[in-house]
2 protein chains.
Amino acid sequence: MREVAEEANVSIATVSLVVNDKKNARIGKEARRRVNEAIEKLGYRPNALAKSLVSGSSRFIGLVADAIATTPFAGQIIHGAQDEAWKHGYVLLVANTEGDPEVTDDAINMMVDHQAIGILYSTWYHREIERPAALGSTPTVFVNCYTNEASETAVVPDEEQGGYTATSLLTRKGHQRIAFLNSTEDAPSTVGRLAGYRRALADAGLPFDPSLVLDVTPEQEGGYRATTGVLDRADRPTAVFCYNDRVAMGLYDGVKERGLRIPNDLAVVGFDDQEVIAAHLRPTLTSVALPQYELGVRGVRALLAALDGDPHPGVQRITCPPALRHSI
Amino acid sequence: MREVAEEANVSIATVSLVVNDKKNARIGKEARRRVNEAIEKLGYRPNALAKSLVSGSSRFIGLVADAIATTPFAGQIIHGAQDEAWKHGYVLLVANTEGDPEVTDDAINMMVDHQAIGILYSTWYHREIERPAALGSTPTVFVNCYTNEASETAVVPDEEQGGYTATSLLTRKGHQRIAFLNSTEDAPSTVGRLAGYRRALADAGLPFDPSLVLDVTPEQEGGYRATTGVLDRADRPTAVFCYNDRVAMGLYDGVKERGLRIPNDLAVVGFDDQEVIAAHLRPTLTSVALPQYELGVRGVRALLAALDGDPHPGVQRITCPPALRHSI
């Protein structure tokens, strides 16, 4: 600081105010410019750790994810959170826990030790969780998950709207008998997408036929095995809304083995808009995208808002947009 | 520290030595235990930033990745790097650059500012890169990429061995005419896998027939379009080694449309062992896995070794293991 002050011909106090970014300090533009030039000329870099220590808070936002590795989805949450954090001058500390409670505690403690301003706690599939005890009173936003506490802030996909959007793509094409291959898993996605499916049918003036809803394991194998249930019936549906793109991919195989064609003989809509699958099936698959990138962005915004004293915690539902292709 | 010293009935200097982990300090086990108990009882948490500042180095390892989001592969590199870093008491700072040079510079600077002990610089597909200028003299290990400087340390998949392994799976089943659907991209993977394919043929006493090597776009569409080139010839191959699982998935569609069966009419081996695809095709696809998790682990080890003065920089090639399923 002394060297910079000499070079810039200002006091050490002025240098301190400039480098510590005291925006309201009454420093002339000219002095500020001279300090910054001197810093650049002398090749100094700010010591981010020292700055954090002095200011009592870091520029870190922690992101604790239960599975970066096992799914491409988590990557988009990180991507969105990082972009938004950087926009506001924060750096993302990322920890992957693989769902292990001990690792989760360690990860949260690590972030607290580094004085992260808050934590985004994220799961790879949308579900209800218990607030990990290690979070203590750390400001937290739950991303792609939520707790049963109304006072918590969470950002999740709007599953109901997603199911509605998927089904409406089919009703708008004139389909009147639409099957839904739902997942056997008990999750907000299965409940929400089913509710959306029913609302879309009702809005189109179509009756709800429970026999058209089949529960399958949410993988290719489940979709393939469901071919019989979908096609071997007198009142065969003309369209299918699949719980995810992997189920649709399996159904494609089953339909093709019978010599039937998509979409002519059966229209198919998926869900997830899954990378490396949806856009590359034959025909390409119309789907509804999970808004993972947006979840990351909105998670950071919600955390910054909470730190600013946002009086409105609660669950934010993010729109799942359609991805139109050639299977309907 | 004063409170801890009083509680533990030791000097403040002793507390300082214990909390700063001076391993060689001559402190009795009993005193060390009392200090740690006092810290726990009083509910103190170490201030990781203050510790880093005092010791002059942090417990951070930086990981700069060009695409966490666009591929499931990068997630495994992060997973492996984090597991290994944690084992050694380090925390991973992760930054995703989406390949943007400005963001890359920012990410590296951020890590240097936080006094990371070194950086893992990683790309989502294996390739040669230029050392980013922002790295300066920061200790760096390149992961899944390398530079043309012999003095650099890099950890990459052994593409040649991978191609050899894939082809050998087929020669060992007795196949004598094996096609290779290689990628049109100019990359270490295309060159290395072709070399491995040729060596495996030679080891099996089979001639190399250049007309059996077709270059395709490395996606489902490329594999599908190659069906004609593979099947419409008098000396039809009985097996195909595909550059990746996506190419194999497209080839599956083409082969099935002709009413042929895998593996009876054509054996197929993929590459990547890609999540959500390889294990879920019909039949399930035999593949060769990219060792992404291992790349992350070995990257951290190489960085720690370099900081310990390892005199052997250079490129480490990591084995690509086979994933045996039902397509051969």
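This is a predicted model, so every value here is computed, not measured.

This brings us to the packing of helix H2 (residues 12-19) of chain A against helix H3 (residues 29-42) of chain A. Residue and element names in this part refer to chain A. Relative orientation of the contacting elements H2 and H3 amounts to 85°, with a least axis distance of 10 Å. What the angle tells us is that H2 and H3 run roughly perpendicular. Touching Thr 14, Val 15, Val 18 and Val 19 of H2 are Arg 32, Val 35, Asn 36 and Ile 39, all from H3. Looking at the contact of H2 with H3 residue by residue, the class counts come to five nonpolar, two polar and one charged.

Our focus in this paragraph is the pattern of salt bridges. For the structure shown, the criterion picks out 34 salt bridges over all chains. Between Glu 152 of chain B and Arg 131 of chain B there is a salt bridge, and its shortest N-O distance comes to 2.9 Å. Of the two residues, Glu 152 of chain B is situated in the loop between strand S4 (140-146) and strand S5 (153-157) and Arg 131 of chain B in the loop between strand S3 (119-128) and S4; the sequence distance between them amounts to 21 residues. A salt bridge links Glu 294 of chain B to Arg 298 of chain B; the nearest nitrogen and oxygen atoms lie 3.4 Å apart. Of this pair, Glu 294 of chain B and Arg 298 of chain B both sit in helix H12 (residues 292-307), four residues apart, which is roughly one turn of the helix. A residue is classified by how much of its surface remains accessible, and Glu 294 of chain B, at 28% relative accessible area, is partly exposed. Residue classification places Arg 298 of chain B among the partly exposed residues on the basis of a relative accessible area of 27%. Through salt bridges with shared partners, a single network forms among Glu 30, Arg 33, Arg 34 and Glu 37 of chain A.

Our focus in this paragraph is the confidence of the model for chain A. Mean pLDDT for chain A: 90, with 92% of residues reaching 70 or above. For this predicted complex, the interface confidence comes out at an ipTM of 0.83, alongside a pTM of 0.84.

What follows deals with a negative patch on the surface. Residues and elements named next belong to chain A. Together, Asp 100, Glu 102, Asp 105 and Asp 106 make up a region of like negative charge exposed at the surface. Along the polypeptide, Asp 106 turns up in helix H6 (residues 101-113). The partly exposed category is assigned to Asp 106, whose relative accessible area is 45%.

So, on to helix H7 (residues 159-171) of chain B. For H7 of chain B, spanning 13 residues, the distance from its first C-alpha to its last is 18 Å, which sits close to the expected 18 Å at 1.5 Å a residue. Regarding H7 of chain B, the residues found buried are Glu 159, Gln 161, Gly 162, Gly 163, Thr 165, Ala 166, Thr 167, Ser 168, Leu 169, Leu 170 and Thr 171 of chain B.

Right, let's talk about the packing of aromatic side chains for a bit. For the structure on display, the rule yields 13 aromatic pairs over all chains. Consider the rings of Trp 124 of chain A and Tyr 125 of chain A, whose centres lie 5.4 Å apart with planes at 75°: the pair is edge-to-face. Residues Tyr 197 of chain A and Phe 208 of chain A carry aromatic rings whose centres are separated by 6.3 Å and whose planes lie at 80° to one another, so their mutual orientation is edge-to-face. Of the two residues, Tyr 197 of chain A is situated in helix H8 (residues 188-203) and Phe 208 of chain A in the loop between H8 and strand S7 (213-216); the sequence distance between them amounts to eleven residues. Tyr 197 of chain A gets classed as buried once you look at its relative accessible area, which sits at 0%. On the basis of relative accessible area, Phe 208 of chain A is assigned to the partly exposed category, the value being 29%. Three or more aromatic residues joined by ring pairs form one cluster here, namely Phe 180, Tyr 197, Phe 208, Phe 241 and Phe 271 of chain A. Positioned above the aromatic ring of Phe 208 of chain A is the side chain of Arg 198 of chain A, whose terminal nitrogen or guanidinium carbon lies 3.8 Å from the ring centre. Cation over ring: Arg 193 of chain B sits above Tyr 243 of chain B, and NZ or CZ is 4.7 Å from the ring centre.

All names here are of chain A. Between the first and last C-alpha of H8 there are 22 Å, a value that for 16 residues agrees with the 22 Å anticipated at 1.5 Å per step. For H8, the elements touching its buried residues are strand S3 (119-128), strand S4 (140-146), helix H7 (159-171), strand S6 (178-183), S7 and strand S8 (239-242). A positive phi of about 75° marks Gly 205, the residue just after H8.

Time to look at the sheet that holds strand S7 (residues 213-216) of chain B. Residues and elements named next belong to chain B. The four strands lie next to each other as S7-S6-S8-S9, forming an open sheet whose pairing is parallel. Looking along the sheet, the strands with just one partner apiece sit at the ends: S7 and strand S9 (267-269). The sheet shows a mean angle of 20° between the axes of neighbouring strands, taken without regard to direction. Where strand S8 (residues 239-242) lies against S9, three bridges are found, and the strand directions are parallel. Across the sheet, Val 240 pairs through a bridge with Val 268, a residue of S9. In the packing of helix H8 (residues 188-203) onto the sheet, contacts are made with strand S6 (178-183), S7 and S8, and the angle to S6 comes to roughly 170°.

Further remarks concern the sheet that holds S7 of chain A. Residue and element names in this part refer to chain A. Ordered by their spatial adjacency, four strands build an open sheet running S7-S6-S8-S9, and the pairing between neighbours is parallel. Of all strands in the sheet, those with a lone pairing partner are S7 and strand S9 (267-269), marking the two edges. Averaged over neighbouring strand pairs, the angle between their axes works out to 20° when direction is ignored. Inspection of the sheet shows S6 paired to S8 by four bridges, in the parallel sense. Each bridged residue has a counterpart across the sheet, and for Ala 179 the counterpart in S8 is Val 240. Along the sheet, helix H11 (residues 245-257) contacts S6, S7, S8 and S9; its crossing angle with S8, the most-contacted strand, is approximately 145°.

Residues and elements named next belong to chain B. Relative to the helices and strands, Asp 245 resides in helix H11 (residues 245-257). With no salt bridge to any partner, buried Asp 245 finds its closest opposite charge in Arg 325, at an N-O distance of 6.1 Å. Within the structure, the side chain of Asp 245 is placed 2.8 Å from the backbone nitrogen of Phe 271, a separation counted as a polar contact. Asp 245 has contacts with Gly 270, Phe 271, Asp 272, Asp 273, Gln 274, Ile 277, Ala 278, Leu 285 and Ser 287, leaving out every residue within four places of it along the chain.

Turning to the environment of His 88 of chain A, a few remarks are in order. Residues and elements named next belong to chain A. With respect to the helices and strands, His 88 occurs in the loop between helix H5 (72-87) and strand S2 (91-96). Here His 88 falls in the partly exposed class, since its relative accessible area comes to 36%. The sequence separation of His 88 and Arg 59 amounts to 29 residues, and the corresponding C-alpha distance is 9.4 Å. A polar contact is formed between the side chain of His 88 and the side chain of Glu 84, at a distance of 2.9 Å.

Reading the values: rules and limits
- Residues numbered from 1 in each chain as written.
- Chains lettered and ligands numbered in written order.
- Predicted model: local features only at pLDDT ≥ 70, side-chain atom pairs only at ≥ 80, totals over all residues.
- Heavy atoms only, no water.
- Axes fitted to C-alpha atoms, helices over the stretch in contact; angles between N-to-C directions.
- Helix = DSSP H or I, 4+ residues; strand = E, 2+ residues; numbered from the N terminus.
- Parallel < 35°, antiparallel > 145°, perpendicular 65-115°, else oblique.
- Contact = heavy atoms within 4.5 Å.
- Nonpolar A, V, L, I, M, F, W, Y, C, P; charged D, E, K, R; others polar.
- Salt bridge = Lys/Arg side-chain N within 4 Å of Asp/Glu carboxyl O.
- Buried < 20%, exposed > 50% of the residue type's maximum accessible area, 1.4 Å probe, protein only.
- pLDDT = per-residue confidence, 0-100.
- Patch = residues over 30% accessible without salt bridge, like charges linked within 9 Å, V, L, I, M, F, W, Y side chains within 5 Å.
- Areas by Shrake-Rupley, 256 points an atom, 1.4 Å probe, with all protein chains shown as cover.
- Lys, Arg positive; Asp, Glu negative; His and termini not counted.
- Charge placed at Lys NZ, Arg CZ, Asp CG, Glu CD.
- Expected span 1.5 Å × (residues − 1).
- Phe/Tyr/Trp six-rings, centres within 6.5 Å; stacked < 30°, edge-to-face > 60°.
- Lys NZ or Arg CZ within 6 Å of the ring centre and 35° of its normal.
- Pairing = 2+ DSSP bridges.
- Polar contact = N/O pair within 3.5 Å; in protein donor to acceptor, adjacent residues only side chain to side chain.

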